[in-house]
Amino acid sequence: MSRRDRLSGNEAVAEALRQINPDVMAAFPITPSTEIPQYFSKLVAQGKVDSEFIPVESEHSAMSAVIGSQAAGARSVTATSSAGLALMWEELYLAASNRLPCVLTLVNRALSGPININCDHSDSMGARDAGWIQIYAENNQEVYDNLCMAYRIAEHKDVKLPIMVCQDGFITSHAVENIVLNEDEDVKNFVGEYEPENSLLNPECPMAVGPYSVTNYYFEAKRAQAEALKNAKQVVLDIAKEYEAISGRSYGLFEEYKMDDAELAVVIIGSAAGTTKDAVDKLRAEGKKVGLIKIRLFRPFPADEIVEALKGVKAVALMDRTESYNDTCGPIGADVTTALYRAKSDTLAINYVYGLGGRDVRVEDMEKVYADLQEAVDNGKVVNPYRYMGIRE
Amino acid sequence: MKTDISKLSLDCKWNELTEGMQIYGSSTSVEFKTGEWASVKPVIDEDKCIHCFMCVPVCPDSCIVVKDGVRAPLDLNHCKGCGICVHVCPVDALRMEGAK
């Protein structure tokens, strides 16, 4: 049924990949994701997986190789972070437009510059418009479970899009936590075999992938791609339901922590959600009605569901672990505020930029955020809707 | 399984395109009449033509072929009007004319 172990996030990813046994991994090392292809190549050398490991000359080549092998009909995977993801930027768009259900295990790390190897979400957030499905984890258990579900989501006939399974660099990837793992047989049966309807290595029906399209077609092609991403939301829920049956662990589009009667809420992605839960528990013990929404599926963005979850909330803090340089808001700030505006919500919203370059998030910081929200409610308005948390200013 | 590219005309809607713009089947380029793009086309004077086949290998779109030992009638479905055939003909049997 399951076994207990203690693993870091990267070890958990390698373990999931061992159980999934993909056809091809093409990867280039970059801190803090290096251990993923490192552990996996060891498994390949030991014959513990049947996978083909391609050590490529750069991340640009890694994604190019993955696109080629996926189009050929092979279940493919790569891993990267930060500048490595940035180097594969043009290919990300191609993996999505060519409707190739490959997996990228992303270990979130700050984009340069200045050069920094620690956690923030600037890398994956920078790629949020590439058309990939994006799923985030709070801890090693979640990244392991998300990876077990990844191919089933991506390969679904209504979706067929690439998927990015994200975890926080060092905080999750390198910290050892207790974890519950599925049995090999359960993962194998759950993921199943990859049976693409069409592939390049099918002599019965040759095919062309990734054509040129004149102006008369490009716009319609992109619209068709958007429809597939729309479908991903329901598929994520359906696959999670199936996964619950074999693992006992349930997942949705986001986690609602003590949101039932919450008047103040925080919306956040990643490991800092764990810190925020401590702040929530502490404030709840003091009688304050606070709660947390931890986003799991960020692309496509579950706008309607978030609006529903924020009903009755008087003020919400939207936490972005990246700076969008638009002098207005961050990615979560943009998406949630848009959803609230369309729903004509009167929930006050404060957008915070936090945790850049691995800047530590403390329980006291999040308690202060809830205090800021209370202040806004007391004043009936938000003075300065775009703030920085945890910075020396 | 072959994609029917006649269904992918310039007025097809977004949900009528193939998935990921993939094209299934081989030799689909034969059915895509790029000859519609040309503004001039070659015309051959059969009386002058000596079937020397100088024009055959230089056509980039294989519009002039040899069949049963003679130069076959021109298949201009993929002719883009480059005029190389006219240039190499030793007896001036070919000339370019404005196409509609």
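Residues numbered from 1 in each chain as written. Chains lettered and ligands numbered in written order. Predicted model: local features only at pLDDT ≥ 70, side-chain atom pairs only at ≥ 80, totals over all residues. Heavy atoms only, no water.

Attention now goes to the overall build of chain A. In terms of regular secondary structure, chain A is built from 13 helices and 16 strands. For chain A, the C-alpha radius of gyration of 21 Å lies close to 21 Å, the compact-globule estimate for 393 residues. Overall size of chain A, expressed as C-alpha extent along the three principal axes, is 70 × 55 × 45 Å. Put simply, 81% of the contacts in chain A that link residues at least 6 apart link residues at least 24 apart. Of the roughly 16,600 Å² that chain A leaves accessible, carbon and sulfur atoms contribute 50%. (Helix = DSSP H or I, 4+ residues; strand = E, 2+ residues; numbered from the N terminus. Rg over C-alpha atoms; globule rule 2.2 N^0.38 Å. Contact = heavy atoms within 4.5 Å. Areas by Shrake-Rupley, 256 points an atom, 1.4 Å probe, with all protein chains shown as cover.)

So, about the packing of helix α7 (residues 140-154) of chain A against helix α9 (residues 215-247) of chain A. Residues and elements named next belong to chain A. Contact pair α7 / α9: the axes reach a minimum separation of 10 Å and the direction vectors enclose 120°. Of the possible angle classes, the one that applies to α7 and α9 is oblique. With respect to the hand of their crossing, α7 and α9 are arranged in right-handed fashion. Across from Tyr 144, Asp 145, Cys 148, Met 149, Arg 152 and Ile 153 in α7, the residues of α9 making contact are Val 235, Val 236, Ile 239, Ala 240, Glu 242 and Tyr 243. Its residues placed into classes, the contact of α7 with α9 shows nine nonpolar, no polar and three charged. (Axes fitted to C-alpha atoms, helices over the stretch in contact; angles between N-to-C directions. Parallel < 35°, antiparallel > 145°, perpendicular 65-115°, else oblique. Left-handed = near helix turned anticlockwise from the far one by under 90°. Nonpolar A, V, L, I, M, F, W, Y, C, P; charged D, E, K, R; others polar.)

This part is about the sheet that holds strand β11 (residues 264-268) of chain A. Strands in a sheet are paired, the pairing made by backbone hydrogen bonds, and the direction either parallel or antiparallel. All names here are of chain A. Here six strands make up an open sheet; going across it, the order is β10-β12-β11-β14-β15-β16 and the pairing mixed. The outermost strands of the open sheet, each flanked by one partner alone, are β10 (254-257) and β16 (386-389). Neighbour-to-neighbour, the strand axes of the sheet open up by a mean angle of 25°, direction not taken into account. Here β11 pairs with strand β12 (residues 290-295) via five bridges, running parallel. Paired with Val 267 across the strands is Ile 293, a residue of β12. Seen against the sheet, helix α10 (residues 272-285) touches β10, β11, β12 and β15 (348-354) and runs at an angle of roughly 165° to β12. (Pairing = 2+ DSSP bridges.)

Glancing now at empty space enclosed by the protein. Residue and element names in this part refer to chain B. For the structure shown, the criterion picks out one cavity of 30 Å³ or more. By volume, the largest cavity amounts to about 90 Å³. Lining the largest cavity we find 14 residues, and of these Cys 49, Cys 52, Cys 55, Cys 89 and Ala 93 sit closest to its centre. Along the lines of polarity and charge, the residues of the lining of the largest cavity split into twelve nonpolar, one polar and one charged. (1 Å grid on protein atoms, 1.4 Å probe; cavity = no way out; pocket = protein on both sides within 12 Å on 5 of 7 lines; lining within 4 Å. Points joined across faces, edges and corners; volume = space filled by probe spheres on them.)

Turning next to the layout of surface pockets. By volume, the largest pocket is sized at about 810 Å³. Residue lining of the largest pocket: 23 residues in total, with A:Tyr217, B:Ile5, B:Leu8, B:Ile23 and B:Phe32 positioned closest to the centre. Considering only residue class, the lining of the largest pocket consists of 13 nonpolar, seven polar and three charged.

The subject of this paragraph is the environment of B:Ser27. Residue and element names in this part refer to chain B. Considering the arrangement of structural elements, one finds Ser 27 in the loop between β1 (23-24) and β2 (40-44). Its relative accessible area of 49% is what places Ser 27 among the partly exposed residues. Separated by 31 residues in sequence, Ser 27 and Val 58 place their C-alpha atoms 21 Å apart. (Buried < 20%, exposed > 50% of the residue type's maximum accessible area, 1.4 Å probe, protein only.)

Right, let's talk about α9(A) for a bit. Residues and elements named next belong to chain A. For α9, which comprises 33 residues, the first-to-last C-alpha distance of 48 Å matches the rise-based estimate of 48 Å (1.5 Å per residue) to within 8%. Residues of α9 that are buried include every one of Tyr 217, Ala 221, Gln 225, Ala 228, Leu 229, Ala 232, Val 235, Val 236, Ile 239, Ala 240, Tyr 243 and Ser 247, and no others. Buried residues belonging to α9 abut α5 (89-97), β6 (133-136), α7, β8 (177-182), α8 (184-191) and β13 (297-299). (Expected span 1.5 Å × (residues − 1).)

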